[in-house]
Amino acid sequence: MKRRSWIAAATGVLAALAAPAFAQGYPNNKVIKLTVPFAPGGTTDIIARVMSEPLGKALGTTVIVENKAGGGGAVGALDTARATPDGYTLGIATVSTTAANPAINPKIPYNPVTDFTPISNIAATPNVIAVNPAFPAKDYKTFLEVLKKNPGKYSYSSSGTGGIGHLQMELFKAMSGTFVTHIPYRGAGPALNDTVAGQVPMIFDNMPSALPFIKEGRLVPIVVAAPQRLKELPNVPTFKEVGLEPVNRLAYYGIVGPKGLPKDVVDKVHAAVVKALQDPAVRKRIEETGSIVIGNSPDQFAAQIKAEFDVYKGVVDKAKLKLD
Ligand code: GLU
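Definitions and cut-offs
Residues numbered from 1 in each chain as written. Predicted model: local features only at pLDDT ≥ 70, side-chain atom pairs only at ≥ 80, totals over all residues. Heavy atoms only, no water. Salt bridge = Lys/Arg side-chain N within 4 Å of Asp/Glu carboxyl O. Helix = DSSP H or I, 4+ residues; strand = E, 2+ residues; numbered from the N terminus. Buried < 20%, exposed > 50% of the residue type's maximum accessible area, 1.4 Å probe, protein only. Phe/Tyr/Trp six-rings, centres within 6.5 Å; stacked < 30°, edge-to-face > 60°.

**Quick notes on the pattern of salt bridges**
Stage number 1. Under the criterion given, the structure shown has 13 salt bridges.
Stage number 2. The salt bridge partner of arginine 49 is aspartate 45, with a shortest N-O separation of 2.9 Å. Taken together, the residues span about one helical turn, with arginine 49 and aspartate 45 both in helix α2 (residues 43-59) at a distance of four residues.
Stage number 3. Between glutamate 288 and lysine 284 there is a salt bridge whose closest N-O contact spans 3.1 Å.
Stage number 4. Under the relative-accessibility criterion, glutamate 288 is labelled partly exposed at 43%.
Stage number 5. A cluster of three or more residues bridged by salt bridges with shared partners is formed by Lys33, Glu66, Lys68 and Asp79.

And the structure:
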């Protein structure tokens, strides 16, 4: 072994020895912080707030939600990645923070596959393009006609640069031959506010945060990313139906810790997620948002993050997507 690699190997062993392999008594009544890497009002925030109380109950402690928005979710995700791996700082990992953003932005300061300890994917959610009611289209066919006739006239809001809303809308534009200007926000919450207020005519969002506005008629759904039409929106086609299958991907919202989380902590938090998701009231609150309850194992969630990251790298390469 060359001297350099020997030193690297020895350092790795020391680091492994220094990491706590077992966290006795966790959580020891200590507060657990769950970081939401987007502003309040978005889907990440909604899922975290549905889960925090039942999770705390199952773990015998309090789970507090902390919003840390910025960089299309990268700021909050980095906060989780750099935390001490003791189980007291966990975060919600989304398709944006672990797949879309790292796939398009080479400057993302963490590796989505190696810098986290995945625990469980809580929910999968459909996505939607929705327009302000003043937009001159209420259905997909007219929407496409309006965009084709007016390249560059309209803009869309998203939860942030490099997020699923940004990438999937760019993919939609590339595939449909349309042009709409991107306006990124610090999360879907503020993006929705401006779209409902008419400052931006349309949004690409995840269903849970958009659905209440759609139900109130303050946003009009045009097309959804979902395996089949949603029972809440039976008249709205899927991207697959309109010939844009690559855009037809779900988002995910799961719990991760920093890399090196002790196995017993992972097991305890995973068991708490499973227990919380067995509660019919919790399931109902998630399902009412248009989401699908998942609750998979740490290994399955790790494999899912890796697979989704690869998918988005493929999307970025194939459609030659770039940050503006
Ligand atoms: N679109 C983001 C995602 O899927 C979530 C946005 C938000 O929660 O504000 O990662």
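**Concerning unusual backbone geometry**
Stage number 1. Of the consecutive residues tyrosine 26 and proline 27, the connecting peptide bond is found in the cis state with omega at 5°.
Stage number 2. Residue position: proline 27 is located in the loop between α1 (3-18) and β1 (32-36).
Stage number 3. Its identity as a non-glycine residue notwithstanding, asparagine 28 has a phi of 50°, on the positive side.
Stage number 4. For asparagine 28, the position within the fold is in the loop between α1 and β1.
Stage number 5. Not every positive phi belongs to a glycine, and lysine 320 is a case in point at roughly 50°.
Stage number 6. With respect to the secondary-structure elements, lysine 320 resides in the segment after α11 (298-318).

**Focus on the packing of aromatic side chains**
Stage number 1. One pass over the full model with this rule turns up nine aromatic pairs.
Stage number 2. Between the aromatic rings of phenylalanine 143 and phenylalanine 172, the centroid separation amounts to 6.1 Å while the plane-to-plane angle is 35°, which identifies the pairing as tilted. One end of the pair, phenylalanine 143, is in helix α5 (residues 140-149); the other, phenylalanine 172, is in helix α6 (residues 164-176), and 29 residues separate them in sequence.
Stage number 3. Owing to a relative accessible area of 0%, phenylalanine 172 belongs among the buried residues under this scheme.
Stage number 4. For the pair phenylalanine 172 and phenylalanine 239, a centre-to-centre distance of 6.4 Å together with 65° between the ring planes defines the contact as edge-to-face.

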